[in-house]
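# Topology and contacts: notes
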Amino acid sequence: MGNYDVVVVGGGPAGIAAAFSAAKLGLKTAIIERHAMLGGNWTNGYVLSILGMYTYDGSEKIAGGIADEVVEWLKGYGGTKGKAGNFIPFRPDEMKIILGELAKKYDIDVYFNSLVSGAVFSGSAASEVKVTGKNGIFSISGKMFVDSSGDADLVYNAKLGFLEGKENEGWHQEATIPFRIGNINENDIIIFSQMHPDLVSVKVNENGRLERFRLMPNLIEKAKRTNELYLPNANAEFMFNTSREGEFVCNATHVKISNFTDGKEMAEVIEDARRQVASSLEFLKKEIHGFEESYLLDSAPSIGMRETRRAVGEYVLRKDDVLSNARFDDAIARCGHPIEIHDPEKGVVYIHLNGGDSSWYHIPYGAIVVKNVDNMFAIGRCLSAEFEAQASARVTGTAMAMGQAAATAAKLAIDAGIPARKVDTKKLQETLRQNGMII
Ligand SMILES: Cc1cc2nc3c(=O)[nH]c(=O)nc-3n(C[C@H](O)[C@H](O)[C@H](O)COP(=O)(O)OP(=O)(O)OC[C@H]3O[C@@H](n4cnc5c(N)ncnc54)[C@H](O)[C@@H]3O)c2cc1C
């Protein structure tokens, strides 16, 4: 159906950054997206916070370029007020709208309701992807391919090697359906937290506004024991403001995943997570001062998947690289997020970088170049990484940085007529810096 310079599989944070960057470099670009919106976990999974653009303590900016442009458009549209601590909170509809507008501005062909389900090769280069749509299966061909499906679907369909879940143990990080609550009385919660610091802790910003708050674990555990709250797995009830007075998003629900490709299992866990949403709201309204007049605004249309399959690249980013703040000659981005594992048995586990929360490590180019293929990148959630390394590098600021790097490398490879693995990484870094990236 189309012949493109760059075919981007999946329009999440990594994919949109790759596509916008590719188009800005003059490449004819397509995004193939199985859902009917751009944004991936941002818009389908209500991950309403961009982490990774700053170090974990919020002190230093470590990602720029196309990510800055997305944030500026979002601000312009009133979808965010910008940085709060170490992240950028935002609202999902505004994100959906501005991503669509940017795709139009850059003349990108976007295919919605289109699932990439196959790949065709000519020697060691991919030549087209098979896409399943409402009319059946059709082909889209390209010079360079970017797997930004989060699930490494392109890599999987191309029958290339992949990694999945925790090595040698097979389990996945838990998945979450975040939900938004409207009409929360922020002042009442601040007062309640002062009266009951054992039940609720709050973070108030410099303007005296409630930025985020959490229910203390003892309150949750007690409510679970007395069946007042249905949250079967280990949780932290954590809420942050979405940039609008009285509107907060809650990340409390957690479900265990054994086979993310099994539609029947996914239906069961998603319905279970929705039950957790309903129970959480009922509990908050009954027990926490400030929630009396609140209501469920909405919950994520789909479910937020933290980790599924990962590609095997020219380099596999290691847990040790992350923790030891590794520096690479072929660096393409920085990441400062700790290893964050939503463990089905232990709950949420953080392992901080050895250099502390103001430090960062490099993402190397080799970790986004798919091994043994001339023209394929895997970026974002499905980069080439060990389980624990992905648990850090997956955040969306870093995912966007990988997207810009893949697009820029695609341009250099096409212009020079060379495979992706042969791209001159010094030239790549120079171009990325010229275009606002921080390496
Ligand atoms: C509950 C939760 C909370 C999180 N909290 C944060 C946070 O606060 N801040 C932060 O920065 N990160 C957070 N993360 C991590 C972050 O959301 C993901 O790692 C990030 O979305 C990765 O972006 P991505 O583009 O690689 O993948 P995704 O966002 O998963 O996007 C992949 C896209 O590909 C599409 N797709 C998949 N398969 C196909 C196919 N075969 N054909 C076509 N399209 C396909 C999907 O529909 C989707 O649009 C959180 C994740 C979860 C689940």
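Residues numbered from 1 in each chain as written. Predicted model: local features only at pLDDT ≥ 70, side-chain atom pairs only at ≥ 80, totals over all residues. Heavy atoms only, no water.

## Thoughts on the pattern of salt bridges
- Applying the stated criterion across every chain, the model contains 31 salt bridges.
- In this structure, aspartate 93 engages lysine 96 in a salt bridge whose closest nitrogen and oxygen atoms are separated by 2.9 Å. On the criterion of helical spacing, the pair formed by aspartate 93 and lysine 96 is a turn pair, its members being three residues apart in helix H4 (residues 92-105).
- Residue class for aspartate 93 comes out partly exposed when judged on its relative accessible area of 36%. (Salt bridge = Lys/Arg side-chain N within 4 Å of Asp/Glu carboxyl O. Helix = DSSP H or I, 4+ residues; strand = E, 2+ residues; numbered from the N terminus. Buried < 20%, exposed > 50% of the residue type's maximum accessible area, 1.4 Å probe, protein only.)

## Focus: the site of the ligand
- Within the structure, the ligand sits among 31 residues, and Glu33, Ser49, Asp153, Arg394 and Thr396 are positioned closest to it.
- Residue proline 13 places a main-chain N or O atom 3.2 Å away from an oxygen atom belonging to the ligand.
- In this structure, asparagine 41 approaches the ligand through a main-chain N or O atom, which is 2.8 Å from an oxygen atom.
- Considered on its own, the ligand offers 990 Å² of accessible surface; in the complex 96% of this is hidden by protein. (Near = heavy atom within 4 Å. Polar contact = N/O pair within 3.5 Å; in protein donor to acceptor, adjacent residues only side chain to side chain. Areas by Shrake-Rupley, 256 points an atom, 1.4 Å probe, with all protein chains shown as cover.)

## Comments concerning the pairing of strand S12 (residues 210-215)
- In terms of residue burial, S12 counts as a mostly covered element, since five of its six residues are buried.
- Between strand S11 (residues 200-204) and S12, which pair antiparallel one after the other, the connecting turn spans five residues, and glycine 208 there sits at a positive phi close to 80°.
- Note that S12 and strand S13 (residues 238-241) share three bridges and pair antiparallel. Of the residues in S13, the one forming a bridge with phenylalanine 213 is methionine 239. (Pairing = 2+ DSSP bridges.)

## A word on the sheet that holds S12
- Pairing is antiparallel across the open sheet formed by six strands, whose spatial order is S11-S12-S13-S14-S10-S15. Lying at the two open borders of the sheet, with one neighbouring strand each, are S11 and strand S15 (295-299). Mean inter-strand twist for the sheet, computed between neighbouring axes without regard to direction, equals 25°.
- Against the sheet, helix H6 (residues 186-195) touches S11, S12, S13 and strand S14 (248-250), its axis set at about 125° to S11.
- Sheet contacts for helix H8 (residues 263-287): strand S10 (179-182), S12, S13 and S15; angle to S10, the most-contacted strand, approximately 30°. (Axes fitted to C-alpha atoms, helices over the stretch in contact; angles between N-to-C directions. Contact = heavy atoms within 4.5 Å.)

## Some words on the nonpolar core
- Residues Phe20, Val70, Leu317, Ile363, Tyr365 and Phe377 are the most contacted members of the largest nonpolar core, which totals 122 residues.
- At eleven residues, helix H11 (residues 396-416) tops the list of elements feeding residues into this core.
- Discounting chain neighbours no more than four positions away, the residues touching phenylalanine 377 are Met144, Phe145, Val146, Asp147, Tyr365, Ile368, Val369, Val370, Ala406, Ala409, Ala410 and Ala420. (Core = buried A, V, L, I, M, F, W, Y, C linked by side-chain atoms within 4.5 Å.)

## A closer look at the packing of aromatic side chains
- Taken as a whole, this structure holds twelve aromatic pairs when the rule is applied.
- With centroids separated by 6.4 Å and ring planes inclined at 90°, the aromatic side chains of tyrosine 4 and tyrosine 111 adopt a geometry described as edge-to-face. Placement of the pair is tyrosine 4 in strand S1 (residues 2-9) and tyrosine 111 in strand S5 (residues 109-111), with a sequence separation of 107 residues. As far as the burial class goes, tyrosine 4 and tyrosine 111 line up, both buried.
- Relative to phenylalanine 387, the ring of tryptophan 171 lies with its centre 5.1 Å away and its plane at 75°, an arrangement referred to as edge-to-face. Residue tryptophan 171 is found in the loop between strand S9 (162-164) and S10, and its partner phenylalanine 387 is found in helix H10 (residues 387-393); the two are separated by 216 residues along the sequence.
- Through successive ring pairs, a cluster of aromatic residues spans Tyr4, Tyr111 and Phe138.
- Positioned above the aromatic ring of tyrosine 4, the side-chain terminus of lysine 28 is 4.9 Å from the ring centre.
- Directly above the aromatic system of tryptophan 360 lies the positively charged group of arginine 327, at a separation of 3.7 Å from the ring centroid. (Phe/Tyr/Trp six-rings, centres within 6.5 Å; stacked < 30°, edge-to-face > 60°. Lys NZ or Arg CZ within 6 Å of the ring centre and 35° of its normal.)

## What about the packing of helix H1 (residues 13-24) against helix H3 (residues 66-76)?
- Close contact between H1 and H3 brings their axes to 10 Å; oriented N to C, the two are set at 105°. Accordingly, the angle class assigned to the pair H1 and H3 is roughly perpendicular. Here Ile16, Ala17, Phe20, Ser21 and Lys24 of H1 come into contact with H3, specifically with Ile66, Glu69 and Val70.
- In the contact of H1 with H3, the residues fall into five nonpolar, one polar and two charged. (Parallel < 35°, antiparallel > 145°, perpendicular 65-115°, else oblique. Nonpolar A, V, L, I, M, F, W, Y, C, P; charged D, E, K, R; others polar.)

## Quick look at the side chain of serine 148
- Counting through the fold element by element, serine 148 comes out in the loop between strand S8 (136-147) and helix H5 (153-157).
- Serine 148 has contacts with Val8, Val9, Gly10, Ala14, Gly15 and Ile379, leaving out every residue within four places of it along the chain.

## Here's the deal with helix H7 (residues 217-225)
- Among all positions in H7, only Leu219, Ile220, Ala223 and Lys224 are buried. The buried residues of H7 occupy an angular sector of 130° when projected down its axis, which confines them to one face. Summarising the geometry of H7, the exposed residues directed more than 90 degrees from the buried face are Lys222 and Arg225.
- Summarising the contacts, the buried residues of H7 are in contact with S12 and H8.
- A positive phi of about 60° marks asparagine 227, the residue just after H7. (Arc of directions from axis to C-beta.)

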